[in-house]
Every structure is written in structure tokens, then in C-alpha cells.
Amino acid sequence: MRIAMASDHGGFELKEQLKEYLKGKGHEIVDLGTDGEASVDYPAYGKRCAEYVVGGGADKGIVVCGTGIGISIAANKVRGARCAVCASETMARLAANHNDANLLALGGRTTSFEEAAKYTEVWLSTPFDCGERHTRRVRAITEM
Ligand code: RB5
């Protein structure tokens with residue numbers, strides 16, 4: 001799968017770890033920054049990654065900031081983005097299965113690499129429930 005990734009400084013270390021992990025699993029990674037520990041503003045990175053995914057540059061996107069919250073709020077301003085902050089395997093599974101989340105947000109200061117890798121695997125491997133109920137709700141979000 002082709003996966004776009006972006007982070008601010010608070011998510012940089014986890015982004016780098018996750019990037020290498022996913023490459024090792026055979027995924028193609030598009031790294032949209034940031035490139036180091038220097039302080040940057042997360043809205044630009046959330047927007048950049050969401051636009052890249054919605055524009056068709058990647059199948060899915062992963063964004064990381066300190067908590068995953070700020071960068072997900074920014075990503076979700078992009079029409080067509082469904083970015084879910086996940087802090088458990090259940091959240092990761094339901095983000096894919098119920099919400100058809102095309103972006104996953106993680107907290108570099110709140111989530112260990114092992115947890116993040118697990119949540120990512122669950123999110124990537126869980127299909128969307130294409131039934132009428134969830135399709136209707138996702139469509140309603142897209143149309144807002
Ligand atoms: C940056 O210090 C921090 O505010 C950011 O990474 C993120 O946690 C915001 O939601």
C-alpha cells in the first residue's frame with residue numbers, strides 16, 4: 001500500500017520509527033515531513049498529508065503530533081479527509097470498519113512505538129463495513 005506520513009516535532013520520532021516499520025512490511029511510504037526535531041506548526045502538516053491522500057497521491061495517510069489531536073483537527077478541515085485519532089486497538093478497528101478513516105492520527109508523546117505499530121496494523125487490515133448504515137453516515141460527513 002502507498003501511505004503518506006507527516007508529523008510535527010512532537011510526532012517526529014514516532015513517524016520515523018513507524019516509517020521504517022511499514023517499509024519493512026513492504027509498504028511504500030511518502031514522507032511529507034517534518035524532517036527533524038525543530039519546532040514546527042502541526043496544522044500545515046495535517047493539511048499537507050490530508051490533501052495528498054484526498055488528492056489520490058496515496059491510499060491512506062498517517063499523521064503524528066504530540067497527542068494526535070491537533071494534527072487530526074487540521075487534517076479533518078480538508079474536504080474528503082476522515083482522520084481518526086486512535087489510542088487503542090478497538091478505536092483503530094472501528095475507525096476503519098465504521099468510519100472508513102482514510103487517515104490515522106497518533107500521539108508521539110502518548111503512544112509507544114509498539115502500540116502505534118499495532119494500531120496501524122489493525123487500521124490497515126480492517127475493511128470498511130460497506131453496509132447501508134455506515135455508508136450513509138460516511139456520505140453525510142463527506143457532504144458537509
Ligand atoms: C506541540 O508542542 C504540540 O502542541 C503538538 O504536537 C500536538 O500535541 C498538538 O495537538
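A. View of the site of the ligand. In the vicinity of the ligand, the contacting residues are Asp-8, His-9, Tyr-42, Cys-65, Gly-66, Thr-67, Gly-70 and Arg-109. Within the side chain of Asp-8, an N or O atom sits 2.6 Å from an oxygen atom of the ligand. Within the backbone of Gly-70, an N or O atom sits 2.9 Å from an oxygen atom of the ligand. For the ligand, whose free accessible area comes to 300 Å², the fraction covered by protein is 71%. Among the residues forming the shell around the ligand, the class breakdown is two nonpolar, four polar and two charged.

B. Structural context of the sheet that holds strand 5 (residues 103–107). Reading across the sheet, the five strands line up as 2-1-3-5-4 and stay open at both edges, with parallel pairing between neighbours. Strand pairing shows two members of the sheet lacking a second neighbour, strand 2 (28–31) and strand 4 (83–85), which therefore form its edges. When the angles between neighbouring strand axes are averaged without regard to direction, this sheet yields 25°. By the bridge criterion, five bridges tie strand 3 (residues 60–65) to strand 5 in an arrangement that is parallel. Among the inter-strand pairings, Val-64 is bridged to a residue of strand 5, identified as Leu-106.

The rules behind the values
- Residues numbered from 1 in each chain as written.
- Predicted model: local features only at pLDDT ≥ 70, side-chain atom pairs only at ≥ 80, totals over all residues.
- Heavy atoms only, no water.
- Near = heavy atom within 4 Å.
- Polar contact = N/O pair within 3.5 Å; in protein donor to acceptor, adjacent residues only side chain to side chain.
- Areas by Shrake-Rupley, 256 points an atom, 1.4 Å probe, with all protein chains shown as cover.
- Nonpolar A, V, L, I, M, F, W, Y, C, P; charged D, E, K, R; others polar.
- Pairing = 2+ DSSP bridges.
- Helix = DSSP H or I, 4+ residues; strand = E, 2+ residues; numbered from the N terminus.
- Axes fitted to C-alpha atoms, helices over the stretch in contact; angles between N-to-C directions.

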